[in-house]
Amino acid sequence: MIPLMSTQSIAPALTENDHLILIDGSTFIFRAYHALPPLTRKPDGLPVGAVSGFCNMLWKMMQEGPTKETGDEPTHFAVIFDKSGKTFRNDFYPEYKAHRPPPPEDLRPQFGLIRQATRAFGVPAIEQQGYEADDLIATYARQAEAQGARVTIVSGDKDLMQLVTDKIGMVDTMKNKVIGKPEVFEKFGVGPEKVVEVQSLAGDSVDNVPGVPGIGLKTAALLINEFGDLDSLLEQADTIKQKKRRENLIEFAEQARISKRLVQLEEAVPVETPVEDFTVCDVDGAQAVGFLKAMGFTSLTKKVADKTGAVLENIEPIEPVIEGWESTAKPAEQAEDSAGELEGKAWTAAPLAEKVAAEISALPVDNSAYETVSTIEHLKEWIAQAYEVGYVAVDTETDALNAMEAGLVGVSLSCTPGKACYIPLAHVDGEGDLFSGGALVEGQIPLQEAIALLKPMLEDPAVLKIAQNMKYDWLVLKRYGVEMAPFDDTMLLSYALDAGMGGNGMDELSQRWLNHTPIPFKEVCGSGKSQISFDKVPLDKATSYAAEDADVTLRLWKILKPRLAAEEMTVVYERLERPMVATLAKMERRGISIDRQMLSLLSGEFAQGAAALEAEIHDKAGEIFNVGSPKQLGEILFGKMGLPGGKKTKTGAWSTSASVLDDLAAQGHELPSKIVEWRQLSKLKSTYTDALPSFINQETGRVHTSFSLASTSTGRLSSSEPNIQNIPIRTAEGRKIRQAFIAEKGKKLISADYSQIELRVLAHMADIPQLKQAFADGLDIHAMTASEMFGEPIEGMDPMVRRRAKAINFGIIYGISAFGLANQLGISRGEAGDYIKTYFERFPGIKEYMEETKKFVHANGYVETIFGRRAHYPDVNTKNPNMRQFYERAAINAPIQGSAADIIRRAMVRMDEVLETANLDAQMLLQVHDELIFELPEDQVDETKKLVITTMEKATEPALQLSVPLKVEAEAATNWEEAH
DNA sequence: ACGGCCACTTA
DNA sequence: GTAAGTGGCCGTC
C-alpha cells in the first residue's frame, strides 16, 4: 500500500467542546431506497426515490441532530460513502462481500445524485479508493476522540459498534436507537473492545465473513469471555470440552484469523480530507434549493428555502450530472455496460450470480441446527437479527391448505443460510380421541403475543420479507392483522427467470438449485386417511420441517435474486409479478357471492334431465351400463352395435369423444347424441352446480377462488378451488350457472373484457398493415379477414365464410397446422392447407413472423412477450418431428397469449389505486384472461365503467404504445351472465 | 389411496 | 392448432 500524506488543514483542531457527526451514507441510501415507494421525476422518469428519502433524512439530521438525547448541536458534520471497487480486504480475501447482489437497476443512477445532494447541502461527501466507509468513519472518529471531541456515528451497521467508547456513540435513526456500551454488550455479549474478537468467530453471512462453523454470536461471546481474545482461544483450543466445537476451532483457526482481519476496521486511513474540514457552515440556500428544484422535490424545496431565507422563485434549478441512466429506452446491452461502468465493478452480474449459486448450494442443510423458539426473549433475538441484515425468509405453517380458512400454527424465519428457527404457536396435543385432544402443547409463545412482536418487523419497510409463494403467507397473516411489506417471492423470481423450465414449487427448486430434497410433508403429517394437520405434529419434528423451509427459501432467494439483474428480468419481476401478489390476494379475500338456492334448483333439473337421458340410452343400447365409462360405452358402440369406429385414443382404445359421437349422429344414429347430451349435463352438475356451493366460506358466505401466478408457461393466471375461469357460457343450461354469480344487495357486477386482444397484439407484433388498419377503423376483424382471403364484400357476407375466417384467425394464434384447421372446420387436410396458403399470401407478414419466431426459439430456447417476459422451450430442438412441431406452435402462441396476459396484469396492478383515487368503492373480484369482474355500489356504475375501460385500454402506457388501439367493453348487471 | 386417462369446461 | 382445471372411471399399489 502506498502511504498517502494526510492533507494539512488550515482549520483549527477539534476541542472537547466539539461534536462530530459522521453519517454512514450506505445506511441512509439503502434505507431510503427500501423504505419508500419508487418515485420518478416528472418530466423524464428519472428514478429519484432514494434521493428524495436521503435528502429528507439529511435535512432532518442537520436541523434536529440525530436524536433528542444526543441532539446537541454538531460542530462538525460529514457523510461518508463507500467507494465502489475493490478494497484492501479483497487483497487478502477475494470473497469478501462477494455475496452482495448488484444494486437494483433503478438505484444505480441515484448513487451519484446522492453525493451531489450532499454537497448541495454544503456537507462534505467523503469517499476514498480502497477503503470502505466504515474504515473512514473509524479513522475520523478516533482522530476526533484523540482531540477530545465527542463523536456520534449515524449508522445501522453493527460492524461500527467496535468503535463505541465514552466519547464515541452510535445512533440508528431508522430504529430510533441510541447505541452506547450497554447496547453493544446486549448485542454481542461483550464490550466494544471485544466485538471484533466475537465477530471473527461468529462470522457474518451478509459480508461473507466466514468465522468458525457452528459458532454463533452466543457461543462466540461465551468463548471470548472465557479466554479473553481470539489468539488466546485458538492457542488453547485443544482444551475445549465440546468435541465438535474443539475440532472446528482447530480446523478453522486460520479462517477465524482472516475473519478478524476482515471485521477489524482500519483506524489509521491516510485520509485525503482532514477531520478539521468538516466544520458546520451555513447552508447555501441557492445551491440546495437549486438542486432540490431540479429534482422536483417540492415540499422539501419549500422547507429549505424557508429555513435558508432563499427566495424560491428567483432560484434556477441546477441540473445534476446523471450517470447510468437515460430518459429514452435504449438497447439492453448498452444499459448493462453503462451500469457496470458506473459502479466500477470488475465483474458483471452474471458470473456473480453463478458464484453465489455455487457457494450457497455447497453449504449442507443441517436440520438439527435449527432452533425452536419458545420464549419472548428468543423471539426478540430473531426479530433483531432480521432488522440487522435487512431481510428475512418467512414461512407460515397452518392447519389447512386453503389460505382463506387455514389457521396459523407456527412461523419459521431465516436470515442466514443454514440458520433458521421455528416459532410454534398453536400446536396441540395429538394424543387422545377426537374430542379430548386439542390442549395447547407447552413451550409456545401465546399466538397474539407473538404476532404483536412480529407484526412491526413484518410490516417494516426496512426489512424485506422473503417467502416461497408469498400470496399464501400474506393471506394467512392478513387474517391475523398483519400486512407484510415489502417482500420478495422466490416462486415468482423463478417464474420470471425460468418459466417453462419446470415447476416453481419449493421442493423442485430446492432440488434444482441446492441439490437438496427437503423433508417431504408426507413424512411429517402422513398422507391419506391417516394424515394429520400440522398443529398435531410434535415440536421437534415440526421445527426440522418448518425451519428447513425458511432456510431453503432464503438460499433460493440468494441464488435467484442476483440472476434477475444479470438476465435483465428485473422489470418483468417488479412490474408484472411481484405487485400481483397483493392485488390477487385482495381479490381472493373479497371472493364473490353465489346463489346457493339457484344452484340447488339447477342441480335438481340437471339430475332429472340426466336420468331421463340415461334411461333412453340404456333402452337404445339394450342393456344397462355405466354411461360415464368410456370403456363400457366403446364396447357397446363399436363392439355390440358394430358402429364404425373413428379415432383411437393414445392408449389404443376407441375414442368416444364428442367429435366422434357427433360424426356418428350425423350418420343417422340416435344413441351417440344422447350420450353427448348426458355428458354435458353431468358435467354441469358435478363440476358446477354440485361443487360450487361446497366452496362457500363459512365466515364470509362467499366463494374465494385461488389464483395461481406461476403455473402457466405464458404468463396467464390460473384459477382453482374452484376454477372460476371455466364457468360455462356456451350453452343455455350452462349460462344459468353464470346467473348464480351475483352482486350483493344494492350492488352491481361489472364485467369488462378486452375485445380481440390477442389478434390486436399479433397485428402489433407482426406488424400487419391490413390488420392494424382494420382495428384502427373498428372493423369486424373476421369479416375483414374473409373479405381479404375470398374477395367477398363484408356487407351481406355468408356467415359460413366469416366462420371459416374466424377459425383461421384463431388457428394463426395457435400456431396453425392444416391438420388442426381441418379438424376444426370439418374439412379435408388438403382444403385446410389451401386456406392457409391463401391466408399467407394475403398476409405475408404473418408467415414471416411465424418463421422468425421459430428461428428464434431454436436459437435461444425461449421466446419473449412485448414486455420482455420469457417462455422457455428447452426441448424444442428434439428430433421427434411431432414434438418439435408442437413446441414450435407453443412458441408461436406464447408471445401472443403472454403479451395479452402482461397487458391485463398491468391493468390489474394499477386498478385498485385508480379506483381509490377516484373515490370509487368498486372492488376487483375475478380475472378470466381477458376479462375483469368488479362489484360496486349501483349508483357508481357509470363512473366506474368509464374508469375501468380507460385503465384497461391504456394499460400498456407509458411503457409502451401499441400500434393498434385496445378496445374494452363493459356492462353492469346484478349477475355475471347478464353483465357479460 | 393414488395417478393416468378421458371427457368436459373456459379464454 | 395455444393455454388452463376438475370430475369420474379404472388399473395399480
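Residues numbered from 1 in each chain as written. Chains lettered and ligands numbered in written order. Predicted model: local features only at pLDDT ≥ 70, side-chain atom pairs only at ≥ 80, totals over all residues. Heavy atoms only, no water.

**Quick word on unusual backbone geometry**
To be explicit about the condition: To qualify as a helix, a DSSP run of H or I must reach at least 4 residues; to qualify as a strand, a run of E must reach at least 2; elements of each kind are numbered from the N terminus. Burial classes follow relative accessibility: with a 1.4 Å probe on protein chains only, a residue under 20% of its type's maximum area counts as buried, one over 50% as exposed, and anything between as partly exposed.
With omega at -10°, the peptide bond leading from alanine 485 into proline 486 counts as cis. By secondary structure assignment, the location of proline 486 is in the loop between α18 (470–478) and β12 (487–489). Along the chain, glutamate 957 connects to proline 958 via a cis peptide bond; the corresponding omega equals 0°. Along the polypeptide, proline 958 turns up in the loop between α37 (941–953) and β22 (968–973). Backbone geometry places glutamate 721, a non-glycine residue, at a positive phi of 50°. Tracing the chain through its elements places glutamate 721 in the loop between β15 (718–720) and α28 (732–739). Despite not being glycine, histidine 929 has its phi angle at roughly 70°, a positive value. For histidine 929, the position within the fold is in the loop between β20 (923–927) and β21 (931–937). By relative accessible area, histidine 929 is classed as partly exposed at 24%.

**Brief notes about the protein's contact with DNA strand B**
The condition that has to hold: Whether a residue is near a molecule or strand depends on its heavy atoms: if one lies within 4 Å, it is near. The term polar contact refers here to a pair of N or O atoms within 3.5 Å; inside protein, the definition further demands a hydrogen-donor-capable atom paired with an acceptor-capable atom, and it admits residues adjacent in sequence only when both atoms are side-chain atoms. In the scheme used here, Gly and all other residues not listed as nonpolar or charged are polar, with Ala, Val, Leu, Ile, Met, Phe, Trp, Tyr, Cys and Pro taken as nonpolar and Asp, Glu, Lys and Arg as charged.
Surveying the vicinity of DNA strand B reveals 26 residues, the closest of which are Thr649, Thr651, Asn726, Ile729 and Arg730. Measuring from a phosphate oxygen of DNA strand B, one finds a backbone N or O atom of alanine 658 at 3.4 Å. Among the elements that make up the surface near DNA strand B, the one with the highest residue count is helix α27 (residues 671–689) (four residues). The residue inventory of the surface near DNA strand B, partitioned by class, reads seven nonpolar, 11 polar and eight charged.

**Considering the pattern of salt bridges**
Applied cut-off: A pairing counts as a salt bridge when a side-chain nitrogen of Lys or Arg comes within 4 Å of a carboxyl oxygen of Asp or Glu.
The full count for this structure, using the stated rule, is 46 salt bridges. Salt-bridge contacts for lysine 260 lead to glutamate 197; the nearest nitrogen and oxygen are separated by 3.1 Å. Residue lysine 260 is located in helix α11 (residues 253–263), and its partner glutamate 197 is located in helix α7 (residues 195–202); the two are separated by 63 residues in the primary sequence. Take lysine 260: its relative accessible area is 19%, and that puts it in the buried class. Its relative accessible area of 10% is what places glutamate 197 among the buried residues. We note a salt bridge from aspartate 780 to arginine 802, for which the minimum N-O separation is 2.9 Å. Placement of aspartate 780 in the loop between α30 (769–776) and α31 (781–790) and of arginine 802 in helix α32 (residues 799–813) is noted, with a sequence separation of 22 residues between them. Several salt bridges converge on common partners, so that one network encompasses Asp488, Lys561, Glu574 and Arg578.

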